[in-house]
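# Overview (structure and organization)
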Amino acid sequence: MFGKGHSMSAEMQKCMEDCHQCHMICLQMAATHCLEMGGKHTEPAHMRLMLDCAEICQTAMNFMARNSAHHAITCRACAEICRACAASCEQVGDMEDCVEACLRCAESCDQMAAMAA
């Protein structure tokens, strides 16, 4: 999916792919599944968290794509927000794909942040 840069590690490549996947799943589920389900799926705090998650995943991926010296900061934030989104989706229920994508992305981002420390 992404071209391999001169200094892009396999771990960074995987993290970027996990961020992209999480971004797409959160955005798609918020715009389709949650809006169609209604009720607790459309509560403002849950919807904002899903959109925040999609946005920080995109941002973390962009920082890594350009090999930013600050990518660890966005990866740490991404991991935290992904975990919060996973917890919210788990609580709402019937959102297993989103929970899995968020937890996978959080784990990858934690690893990227640790490698950069």
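Computed from a prediction, not measured in an experiment: that's the story for all the values here. (Residues numbered from 1 in each chain as written. Predicted model: local features only at pLDDT ≥ 70, side-chain atom pairs only at ≥ 80, totals over all residues. Heavy atoms only, no water.)

## Looking at unusual backbone geometry
Phi at N67 takes a positive value of approximately 55°, unusual for a residue other than glycine. Locating N67 in the fold gives a position in the loop between α2 (44-65) and α3 (71-92). When its relative accessible area of 41% is taken as the criterion, N67 is described as partly exposed. Of note in the backbone geometry, D94 takes a positive phi value of approximately 60° without being a glycine. Mapped onto the secondary structure, D94 falls in the loop between α3 and α4 (96-116). (Helix = DSSP H or I, 4+ residues; strand = E, 2+ residues; numbered from the N terminus. Buried < 20%, exposed > 50% of the residue type's maximum accessible area, 1.4 Å probe, protein only.)

## Description of the environment of E107
Topologically, E107 is positioned in helix α4. Between the C-alpha atom of E107 and that of I25, which follows or precedes it by 82 residues, the distance is 16 Å.

That is the geometry; function is a separate question.
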